[in-house]
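# Structural features, examined
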Amino acid sequence: MSIADSAAAHARDTLFRNHRSGFSRAAQRPYDFTCPSPDTYPFQWAWDSSFHAIALVHVDTRRARDEIRSLLGAVTPTGFLPHMVLWQDDLRPTATADFRIDLWQGWRSVTIAPPVVARAIEHVYRATRDDLWLRRVLPPALAFFGWLAEHRTSPGTGLIEIYQPDESGLDSSPKYDAALGIESAPEDAVHDAWHAAMRSLITAYSSPARTPETPLRDRRLFVWNDVLVNTVYADGLACLARLARTAGLDGRTAARLTEESHAIGAALMRHCWDETTGAFYDLDLVAGKRRDVLTASSLLPILLDSVPAGAAHRVVEDHLLNEREFWRPHPIPSVAASEPSYDPSFRTGAIFRGSSWVNLNWYLHQGLRSRGYRAEADTLAARTRALVAASGTRECYSPEDATGHGARSFGWSSLVLDLAASTATEED
Ligand code: GLC
């Protein structure tokens, strides 16, 4: 079997094994989704599900559509879409402790995830041209982006803000270490130190009166403009603008969404771009400074049209394709190999501290293609397929030797199905 076929077989098997459907008594509605991993992540997670829908397009378009409909079934009347949707009544009781979360109305987390859902809707719509489905999913997706603009825009920067590290989905990335007070933890203590810091943050926020709209900015515990979250948000606004046009919504909606997307791109350039090093860094709004740890999110804005070609080419040439930083044997590490915190072998047991992740590769593959680096994009796609062929659909992989780490039968690693290279690649 070729590498591509073997990777695809792992991906299909995972999408099949992780399928969950039923009726939730707590939510009073049916659900139909793909869980991130049967053993460790049994519920519906927002950005995972969006990636699953993109992969499912290559397997079963009915399930791809149901995945998004299920997810958007969790949007509240105010427009909030939670990071986690705990549909299954029998599994929910243990979840609060396991996942360190506060729940909203018993079955949704009060936290957000990067809004990948707009990109997923566009992908699924392009494959199905199902207008009825689009008319159903577009209103809740627009509502969520409106909610983010209303409740999460930082007054000073115009960027979207998060109030705890896991709202970016990049939980224990070392870019948050200093803000969490764990930057001097030795490698073998990072995992416990991170969990302790998260517990105290969540305990400080916790209150029976907490809702998704509870203002947390003024608590000044963790207020953050994350480059990945804002890139995904700006990209999502651009997707929604195109979809609004397709769905025949009034022209003003599409124009406004495009304008908002460009405004985020411009704000990333103004506040997060560092001309000296040629990369993007997050803003810690409590400390009032940029946290200049070089991670995969420093590269992500190459995706956005509103980021000038000069900046994008510097990111690619100086960092992404730099063998001492991100262009490792099995790219792309979530942290540059030049960072002291780089943990390629998962020795810390903490995620996003150096391992390669298929979802980040999927976005960066698109970024490379859109910036004209087609051969490099093909190489990245081929190497990502090789990771999955060698180690199965694991949560993440060593960028040095391709060993798989973290959860098994992991859903979004099935994105390899979508990483079809357009030209002959090194594996063939
Ligand atoms: C971890 C990740 C988060 C992901 C979830 C399910 O909590 O940090 O990004 O959504 O697992 O895969």
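Reading the values: rules and limits
Residues numbered from 1 in each chain as written. Predicted model: local features only at pLDDT ≥ 70, side-chain atom pairs only at ≥ 80, totals over all residues. Heavy atoms only, no water. Axes fitted to C-alpha atoms, helices over the stretch in contact; angles between N-to-C directions. Helix = DSSP H or I, 4+ residues; strand = E, 2+ residues; numbered from the N terminus. Parallel < 35°, antiparallel > 145°, perpendicular 65-115°, else oblique. Contact = heavy atoms within 4.5 Å. Nonpolar A, V, L, I, M, F, W, Y, C, P; charged D, E, K, R; others polar. Near = heavy atom within 4 Å. Polar contact = N/O pair within 3.5 Å; in protein donor to acceptor, adjacent residues only side chain to side chain. Areas by Shrake-Rupley, 256 points an atom, 1.4 Å probe, with all protein chains shown as cover. Pairing = 2+ DSSP bridges. Core = buried A, V, L, I, M, F, W, Y, C linked by side-chain atoms within 4.5 Å. Buried < 20%, exposed > 50% of the residue type's maximum accessible area, 1.4 Å probe, protein only. Salt bridge = Lys/Arg side-chain N within 4 Å of Asp/Glu carboxyl O. Expected span 1.5 Å × (residues − 1). 1 Å grid on protein atoms, 1.4 Å probe; cavity = no way out; pocket = protein on both sides within 12 Å on 5 of 7 lines; lining within 4 Å. Points joined across faces, edges and corners; volume = space filled by probe spheres on them. pLDDT = per-residue confidence, 0-100.

Here we take up the packing of helix 5 (residues 117–128) against helix 6 (residues 131–152). Following both chains from N to C, one finds helix 5 and helix 6 inclined at 170°, their axes separated by 10 Å at the closest point. As judged from the angle between their axes, helix 5 and helix 6 are roughly antiparallel. Of the residues in helix 6, those in contact with Val117, Ala118, Ile121, Val124 and Tyr125 of helix 5 are Asp131, Trp133, Leu134, Val137, Ala141 and Phe145. Class assignment for the residues of the contact of helix 5 with helix 6 results in 10 nonpolar, no polar and one charged.

Every residue lining the ligand is accounted for by Pro36, Tyr41, Trp45, Trp47, Asp48, His83, Gly169, Asp171, Ile351 and Phe410. Within the side chain of Trp47, one N or O atom sits 2.9 Å away from an oxygen atom of the ligand. In the environment of the ligand, an oxygen atom lies 3.4 Å from a nitrogen or oxygen atom belonging to the side chain of His83. Against a free-state accessible area of 300 Å², the protein chains account for coverage of 94% of the ligand.

Further remarks concern the sheet that holds strand 7 (residues 224–225). Spatially, three strands are ordered 7-10-11 in an open sheet, and the strand pairing comes out antiparallel. Of all strands in the sheet, those with a lone pairing partner are strand 7 and strand 11 (289–291), marking the two edges. Relative to strand 11, strand 10 (residues 282–284) runs antiparallel, the two being bridged by three bridges. Bridging from a neighbouring strand, Asp284 pairs with Lys289 of strand 11.

What tends to happen in soluble globular proteins is that the nonpolar side chains get buried as a cluster. Of all hydrophobic cores here, the largest spans 131 residues; its most connected members are Ile68, Ile121 and Leu320. The element that contributes the greatest number of residues to this core is helix 9 (residues 227–246), accounting for 12 residues. Residue contacts for Leu320: discarding those within four places in its chain leaves Leu299, Ile302, Val315, Phe326, Trp327, Ile332, Leu364 and Leu368. Judged by nonpolar contacts, the second largest core, of six residues, contains Phe43, Leu86, Ala95 and Ile101.

Secondary-structure assignment places Asp166 in the loop between helix 6 and helix 7 (177–180). Classification of Asp166 as buried rests on a relative accessible area of 7%. Every residue in contact with Asp166, bar those within four places of it in the chain, is listed here: His83, Ile112, Asp171 and Met198.

Counted according to the given criterion, the structure contains 20 salt bridges. Between Arg217 and Glu161 there is a salt bridge, and its shortest N-O distance comes to 2.6 Å. On the criterion of sequence distance, the pair formed by Arg217 in the loop between helix 8 (190–205) and strand 7 and Glu161 in the loop between helix 6 and helix 7 is long-range, its members being 56 residues apart. Among the charged side chains, a network of salt bridges with common partners joins Arg25, Asp89 and Arg92.

Attention now goes to helix 3 (residues 61–72). Look at helix 3: 17 Å from first C-alpha to last across 12 residues, which is about the 16 Å you get at 1.5 Å a residue. All buried positions along helix 3 are accounted for by Arg63, Ala64, Arg65, Glu67, Ile68, Ser70, Leu71 and Leu72. One side-chain oxygen at the N-terminal end of helix 3 lies 3.0 Å from the backbone nitrogen of Arg62; it belongs to Asp60.

Before going further, it helps to examine empty space enclosed by the protein. Summary: where empty space remains is shown by rolling a probe the size of a single water molecule over the atoms. Counted by the stated rule, this structure contains two cavities of 30 Å³ or more. Lining the largest cavity are Leu170, Ser173, Lys175, Thr295, Ala296, Ser297, Ser334, Phe352 and Leu360. Looking at side-chain class alone, the lining of the largest cavity contains four nonpolar, four polar and one charged residues. Quantified by volume, the second largest cavity comes out at close to 40 Å³. Forming the walls of the second largest cavity are Ala46, Trp47, Ser50, Leu81, Pro82, Ala113, Pro114, Pro115, Val116, Val117 and Phe144.

Our next topic: the pairing of strand 2 (residues 29–34). The pairing of strand 1 (residues 19–24) with strand 2 spans six bridges and is classified as antiparallel. Bridged to Ser21 within strand 2 is Asp32. Hairpin connection from strand 1 to strand 2: four residues lie between these consecutive antiparallel strands, with Gln28 at a positive phi of about 55°.

Okay, the layout of surface pockets next. In this model, the second largest pocket occupies a volume close to 390 Å³. Arg119, Asp235, Ala238, Arg242 and Asp305 are the residues nearest the centre of the second largest pocket, which is lined by 20 residues in total. Here the element with the most residues in the lining of the second largest pocket is helix 9; it accounts for six residues. Looking at side-chain class alone, the lining of the second largest pocket contains five nonpolar, eight polar and seven charged residues.

Predicted confidence across the protein gives a mean pLDDT of 95, with 97% of residues reaching 70 or more. Note on residues 421–428: pLDDT is under 50 here. Beyond four places in sequence and across chains, it has 17 contacts.

Between the first and last C-alpha of helix 8 there are 23 Å, a value that for 16 residues agrees with the 22 Å anticipated at 1.5 Å per step. Residues of helix 8 that are buried make contact with helix 7.

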